[in-house]
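# Understanding the architecture of this molecule
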Number of protein chains: 4
Amino acid sequence: MLPYVNLRPPFNITRASHVRLTVADLAESRNFYVNVIGLVVSDEDDSVCYLRGLQEACHHSLVLEQAREGGTCRRISFRVFFDEDLDAAYDYFRENDLPAEWVEMPYQERTLHVSDPVGTPLELCATMETLPRMHIRFETFKGAHAQRIDHFQLLAPDAYESCAFYGGLGFRSSEYLADGDTLLGTFMYRKGTCLDLAVFPGEGPRLHHFAYTVSESHNIFAACDLAGNLGYGDSVERGPGRHGPGGMLFAYLRDPDGHRVEVFNSHYQTIDVETEPVRWDAESLSTNARWGLPALEKWYLEASAFDGVPLLAPGSPQNPMTLERLLLAARS
Amino acid sequence: MLPYVNLRPPFNITRASHVRLTVADLAESRNFYVNVIGLVVSDEDDSVCYLRGLQEACHHSLVLEQAREGGTCRRISFRVFFDEDLDAAYDYFRENDLPAEWVEMPYQERTLHVSDPVGTPLELCATMETLPRMHIRFETFKGAHAQRIDHFQLLAPDAYESCAFYGGLGFRSSEYLADGDTLLGTFMYRKGTCLDLAVFPGEGPRLHHFAYTVSESHNIFAACDLAGNLGYGDSVERGPGRHGPGGMLFAYLRDPDGHRVEVFNSHYQTIDVETEPVRWDAESLSTNARWGLPALEKWYLEASAFDGVPLLAPGSPQNPMTLERLLLAARS
Amino acid sequence: MLPYVNLRPPFNITRASHVRLTVADLAESRNFYVNVIGLVVSDEDDSVCYLRGLQEACHHSLVLEQAREGGTCRRISFRVFFDEDLDAAYDYFRENDLPAEWVEMPYQERTLHVSDPVGTPLELCATMETLPRMHIRFETFKGAHAQRIDHFQLLAPDAYESCAFYGGLGFRSSEYLADGDTLLGTFMYRKGTCLDLAVFPGEGPRLHHFAYTVSESHNIFAACDLAGNLGYGDSVERGPGRHGPGGMLFAYLRDPDGHRVEVFNSHYQTIDVETEPVRWDAESLSTNARWGLPALEKWYLEASAFDGVPLLAPGSPQNPMTLERLLLAARS
Amino acid sequence: MLPYVNLRPPFNITRASHVRLTVADLAESRNFYVNVIGLVVSDEDDSVCYLRGLQEACHHSLVLEQAREGGTCRRISFRVFFDEDLDAAYDYFRENDLPAEWVEMPYQERTLHVSDPVGTPLELCATMETLPRMHIRFETFKGAHAQRIDHFQLLAPDAYESCAFYGGLGFRSSEYLADGDTLLGTFMYRKGTCLDLAVFPGEGPRLHHFAYTVSESHNIFAACDLAGNLGYGDSVERGPGRHGPGGMLFAYLRDPDGHRVEVFNSHYQTIDVETEPVRWDAESLSTNARWGLPALEKWYLEASAFDGVPLLAPGSPQNPMTLERLLLAARS
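Since this is a predicted model, take the numbers as computed values, not measurements.

Each partner contributes to the interface: chain B provides 40 residues, whereas chain C provides 40 residues. Counting across the interface, chain B meets chain C through 8 salt bridges. C:Glu84 is the salt-bridge partner of B:Arg8, the closest N and O atoms lying 2.7 Å from each other. In this structure, the connection of chain B to chain C is made through 16 residue pairs in polar contact (both at pLDDT 80 or more). Its residues assigned to classes, the side of chain B that touches chain C shows 13 nonpolar, 15 polar and 12 charged.

Here's what the structure looks like:
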């Protein structure tokens, strides 16, 4: 059902690292991510704000870049283990006729920009400046106390093809949704938890969401409550609820530019080579557990485009069981 | 805005006590209330099951009575402080041309059956048999660890009139919803928290829901998760979410007969005579806080009828902002 | 075992209301109560700071009064229900040859100062100025999110005699510790939870501690963690732990003047007239549940004296099972 | 300060895997680990019981082996990534004149028994039988809901030497305690969190404790409360408290044979090559955060010996700041 995974990949991606988003109002976005989500500002100026989670030592996991319109994603980034993995990555992408270019990025050592076969702009680096972890600086905590970036979810025209590409880079699936022989989505990881990268079918490539972990279930309520009190009540798009795949409690919020961020509590540990991916049979793309209403249509259809990357239509028509469909069906 | 409250009422109702429900399948309902909600069985036989919350010493706060069809409420019950309060209550109801009758009920001392002006069947008693509180018998805990019954919510043809009647019995309002000069609903209490009895307009009298407290927010997720795993996933009708009025976290579940039970975390303390009811301006009956989707239409319209009590249409047409309306409006 | 309780007391005390403490450094104490405990400042000037819990509408539950030395308690206060209860209280204390005096106190209506038979200075009032409850103003929360004052614990020369006096005022016991026929301590209440006033034997009268409720168990860890990070690490005197009587999770902290404050999560509901006090057989004064080390000796022996009130020795010698005794006994 | 770490180790240890303990009463130990800690039984017979945490797919992380006396540890085990890593490990230990022997162990594929330079018996394997993860089977949860094994803590005669040996196998330190130039203890990891193996100086080699993660802070209270109610109240040896190094909330319990097990909530993520170990200056071995009493002397001195492995005295005398010393010092 799932494509081949190369357990000895050509270079060693270790984890989801950071995401670069364009925002129309830097102060507003900063307020949202600090006071609702709970991120810490590592550095900022008039045009960019670097944020990290409470337990993160690396300089940034979220980079907000002021732009005229905002609402696009510039790049998602993964870490590699050694600096020399970057060279191997450069060679790999070039040999596969994919874009690969050395760039300089603030607060990072050598950095490589590459794209996957559908054009998703990726950034790879091996080291960053570090700052003290803030996870026991309780007196500074704000918002939902987000701990660390965990994963990205992409919409891609063909989930199987994307899964195969990332499988070639060593991404294994912890769980996946399938309808008969059709792969509806997969949760892939490099680090030892369920997820670094999820891919679901849809017009793409687009960034569906990025996710931060929180320590405890009450932090998920706090994200919603603080969003409500700070003027972002409508941003709570889905949840709080429970995922079936992965088993996490979650809430999805939309930031002031419409970027979707998930806060969720902790995953399980993966790592071991003999554990099999868990299959979820589904006729839809829902990831609810056994209770809770389906997501709104916009949760399925709206996502952040990547700056300047053309969109491709999904290979098969999407027909998710949205909340709207469910209620309309019940009406007729 | 709110009707007069008699702070020296003719008799002393102290708190919401218990509710008697008819159920079509006693074993199934028992399973739901024990393994999802977390109640403790005090006594049972083939036709009736008596349950109480973990911290309750009194014999029962929920009585499930086997009936051919189930789905109706037989009576909601309040406690009075002294046995002599029952005599005063008897006189009060008779003097006001309302039904009042002495009855014998198992596990209770002297018991009085009365009805409010719209026919809501009430039960009053002063003492019950007691059993050990189970709140620190952690090794016996099941379900969502429901602690104690807290309140009832009624639908009544005229919320103001019902509020006035119960105000005459000493029920004060902690918070209320109003649209201009129209009272949309009120949260009344006798014990020192926000609620013993809420009344909202609707075809009635009917029991909209009864509510149990839980200790911590994670217990609310547990109610949903256990409902999902034990085959009651569709019973999670609304939430988890946050109320504006009262400020509680909540989830509403429907039991196997469709009776609606709320689990919520703790209220604030009331008691003091000088604190004013909090007004919430609303065009609808929603009790969400500043985030979260509105409730489904059925949450507003469906409720448990009282056995043999005729229904009265509400004085003014109801037009709640249901989830269906919101989504259909957004469509057109 | 327990003395008589007058269920129709001469006047209606409703709950623990507030405590007045002297402090040597007002700014330091304010910092502790706001940033560790989580209280809200209602009003303050150079000589006094009025604080309340997040869910409290009444103006103050803690009054910090600048004094040269600090470390004493000026008065503990209870609320009565009606203003006329104050008159009945005045008469009652005068008739019993106990001090009673009308005073004026800021932010309170008519106020009465009285003393119990061992000289504990009490303040009674019926109404206060009110302010908005802050319990759903999540964006303002600090410290351990203390919700409301709950109870006082006194040391008194003879716990039985004190219990009898307060029993005459309608205080019932929810639970008590006894060693054979000797009452070691009792948890008394007027409001519908376990506690408004605990009395234990010791040199007195002194205020052993006052207590604030918190919503969830993680708030108890937060109190300790914030104390540690804000320079009050040594103030965590006992806990986190679990009480047997009452069943609460707790931590005890000492404020900058040595006043002891407890944070604990919620009690159970009392109210009903037929429930019997729970007896705990103990050879000591420990209130631990079935796990956890005993308290340090100072927890038993140190307490805040009342300004200008002479101390009386306890009738029987105290020999609590302190942590020191336990460990030293194990040594020898 | 810290010894060299080989980031390209001769074989790839991925994580702490399991521990084999001897117990005097298998039924009693099973009861403790299932009903207090919350482990799941994977298999059992009259002489052995295999347990795993709720989120573990691999067959066992704790193996209880019936023995006449109990109280010893037979082996701690690590996982390697590929089966071929076992061959590399065999060669490495043989080349370093350390014991290495192929064995067969139930439910595991090829298994290697080796010893570190001070004789700690280690077990290495690459694959196990798998079973379904139970982490969202909420209806089956018991005890403290332990999620997965996390780490071992060893006492070794020379912490620096042990740290150097494991550094050669790729174990990096997340945090460490030092007194001037003396390493007092170190927290080493292979998987991407703070810990797989901690080493502290003491008579050894002995197993000081093994640790399971729990999801939320309330689970730590649950471990203590259930221990208390199920007859293991005295087993709660230390905590609940907060570690400085690592920043976790914790409680330590002693099982019926005296083996020490820690439950704690989640660590932070490590992985990245550029992050530096965090140094904690300490004159003692305490790992408390900035609040809380020191551990009892027995917490420092008692540990599980390894079956048949001779003990070596520590190179430098140990003088931890125990609770006993603190109290005796305060006395004099």
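To continue, consider the sheet that holds strand S5 (residues 73–80) of chain B. To summarise the sheet geometry, strands pair through backbone hydrogen bonds and adopt either a parallel or an antiparallel arrangement. Residue and element names in this part refer to chain B. Strand order across the open sheet formed by 8 strands is S2-S3-S4-S1-S5-S8-S7-S6, with mixed pairing between neighbours. Each edge of the open sheet carries a strand with a single partner, namely strand S2 (40–44) and strand S6 (100–103). Geometrically, the sheet is characterised by an average inter-axis angle of 25° between neighbouring strands, direction not taken into account.

Screw-axis analysis of chain D against chain A gives a translation of 0.0 Å along the axis, an RMSD of 0.0 Å, and a rotation angle of 180°. Both copies of the chain, as the preceding transformation shows, are related through a two-fold rotation axis. Across chain D, the rotation axis passes nearest the C-alpha of D:Glu216, at a separation of 2.8 Å. In this assembly the copies share their binding face: 100% of the residues contributing to the interface of chain D also contribute to that of chain A.

Turning next to the sheet that holds strand S6 (residues 100–103) of chain D. Residues and elements named next belong to chain D. Read from one edge of the open sheet, 8 strands run S2-S3-S4-S1-S5-S8-S7-S6, paired in mixed fashion. The open sheet terminates on both sides in strands that have one partner only, identified here as strand S2 (40–44) and S6. For this sheet, the mean inter-axis angle between neighbouring strands, taken without regard to orientation, is 25°. Note: strand S7 (residues 111–115) against strand S8 (residues 121–125), 5 bridges, orientation antiparallel. Note on S8: the bridge partner recorded for His113 is Glu123. The sheet contacts of helix H1 (residues 26–37) involve strand S1 (13–23), S2, strand S3 (48–52) and strand S4 (62–66), and relative to S4 the element is tilted by about 160°. Across the sheet, helix H2 (residues 83–95) lies against strand S5 (73–80), S6, S7 and S8, angled at about 145° from S6, the strand it touches most.

We now examine the side chain of B:Ser235. Residues and elements named next belong to chain B. Inspection of the secondary structure puts Ser235 in the loop between helix H4 (217–229) and strand S14 (236–242). Reaching out from Ser235, the side chain makes a polar contact with the backbone oxygen of Tyr232 at a distance of 2.7 Å. Those residues within four positions of Ser235 in sequence are excluded, and the remaining contacts are Phe32, Ala227, Tyr252, Leu253 and Arg254.

What follows covers the pattern of salt bridges. Close approach of charged atoms allows side chains with opposite charge to pair. Applying the stated criterion across every chain yields a total of 80 salt bridges over all chains. We note a salt bridge from A:Arg254 to A:Glu302, for which the minimum N-O separation is 3.0 Å. Of this pair, A:Arg254 sits in strand S15 (residues 249–254) while A:Glu302 sits in the loop between helix H5 (297–301) and strand S18 (304–305), placing them 48 residues apart in sequence. A:Arg254 sits in the buried class, given a relative accessible area of 14%. By relative accessible area, A:Glu302 is classed as partly exposed at 35%. B:Arg279 is the salt-bridge partner of B:Asp281, the closest N and O atoms lying 2.7 Å from each other. B:Asp281 gets classed as exposed once you look at its relative accessible area, which sits at 60%. Relative accessible area serves as the criterion here: at 31%, B:Arg279 is assigned to the partly exposed category.

This next bit is on the interface of chain D and chain A. In this complex, chain D contributes 40 residues to the contact, which on the side of chain A involves 40 residues. Surface buried jointly by chain D and chain A totals about 3,500 Å² across both partners, of which 52% is contributed by carbon and sulfur atoms. Among the residues of chain D in contact with chain A, D:Phe81, D:Gln269 and D:Glu274 are the three that bury the most area, contributing 18% of the side total. Between chain D and chain A we count 8 salt bridges in total. A salt bridge links A:Arg79 to D:Asp272, with the shortest nitrogen-to-oxygen separation between them at 3.8 Å. Of the residues contributing to the side of chain D that touches chain A, the split by class is 13 nonpolar, 15 polar and 12 charged.

Conventions used here
- Residues numbered from 1 in each chain as written.
- Chains lettered and ligands numbered in written order.
- Predicted model: local features only at pLDDT ≥ 70, side-chain atom pairs only at ≥ 80, totals over all residues.
- Heavy atoms only, no water.
- Contact = heavy atoms within 4.5 Å.
- Salt bridge = Lys/Arg side-chain N within 4 Å of Asp/Glu carboxyl O.
- Polar contact = N/O pair within 3.5 Å; in protein donor to acceptor, adjacent residues only side chain to side chain.
- Nonpolar A, V, L, I, M, F, W, Y, C, P; charged D, E, K, R; others polar.
- Pairing = 2+ DSSP bridges.
- Helix = DSSP H or I, 4+ residues; strand = E, 2+ residues; numbered from the N terminus.
- Axes fitted to C-alpha atoms, helices over the stretch in contact; angles between N-to-C directions.
- Least-squares fit on C-alpha atoms with pLDDT ≥ 70 in both.
- Buried < 20%, exposed > 50% of the residue type's maximum accessible area, 1.4 Å probe, protein only.
- Buried area = accessible area lost by both parts, 1.4 Å probe.

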